[in-house]
Amino acid sequence: MLQEIKKVFSKEYQEDVKFLEFKNLMRQYVKLRNESESIDNKIERLKTLGYISNCHIKVGDF
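Description of the structure in this document. What you see is a predicted model, and the numbers here were worked out from it, not measured in a lab. (Residues numbered from 1 in each chain as written. Predicted model: local features only at pLDDT ≥ 70, side-chain atom pairs only at ≥ 80, totals over all residues. Heavy atoms only, no water.)

Another point: the overall build of the protein chain. For the protein chain, the count of helices and strands is three helices and zero strands. When the elements of the protein chain are put in sequence order from the N terminus, they spell out α-α-α. Relative to the compact-globule value of 11 Å for 62 residues, the protein chain shows a C-alpha radius of gyration of 21 Å, a clear excess of over 25%. Based on the C-alpha atoms only, the size of the protein chain along its principal axes is roughly 60 × 30 × 20 Å. Put simply, the protein chain has 62 residues, and 0% of those count as buried. Of the roughly 7,100 Å² of accessible surface on the protein chain, 58% is carried by carbon and sulfur atoms. Of the charged side chains in the protein chain, 12 are positive and 10 negative; the average position of the first set lies 3 Å away from that of the second. (Helix = DSSP H or I, 4+ residues; strand = E, 2+ residues; numbered from the N terminus. Rg over C-alpha atoms; globule rule 2.2 N^0.38 Å. Buried < 20%, exposed > 50% of the residue type's maximum accessible area, 1.4 Å probe, protein only. Areas by Shrake-Rupley, 256 points an atom, 1.4 Å probe, with all protein chains shown as cover. Lys, Arg positive; Asp, Glu negative; His and termini not counted. Charge placed at Lys NZ, Arg CZ, Asp CG, Glu CD.)

A few words now on the environment of Glu-15. Take Glu-15: it is sitting in helix H2 (residues 11–26). Overall, Glu-15 belongs to the partly exposed group, its relative accessible area being 45%. Once the C-alpha coordinates of Glu-15 and Leu-2 are considered, the two residues, 13 residues apart in sequence, prove to be 20 Å apart.

On the surface, Met-1, Leu-2, Ile-5, Val-8, Phe-9 and Tyr-13 cluster together into a nonpolar patch covering about 700 Å² of accessible area. Of all the elements, helix H1 (residues 2–8) adds the most residues to the nonpolar patch, at three residues. Locating Tyr-13 in the fold gives a position in helix H2. (Patch = residues over 30% accessible without salt bridge, like charges linked within 9 Å, V, L, I, M, F, W, Y side chains within 5 Å. Salt bridge = Lys/Arg side-chain N within 4 Å of Asp/Glu carboxyl O.)

What is shown is where atoms sit, not what they do.
Below, the structure written as structure tokens:
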């Protein structure tokens, strides 16, 4: 019993709690990959919604 109480005051436990709180806070912004729809369909749907992306990806030799 005392070991569990002592564990609550350890640095590792406090870091774990902070991380769990952070995960709960960020959960609404993280989306799982959905492979049921092709990427082309997703892009087309975003275009029809008027979404404009500022992201540019360069592909080639690095």
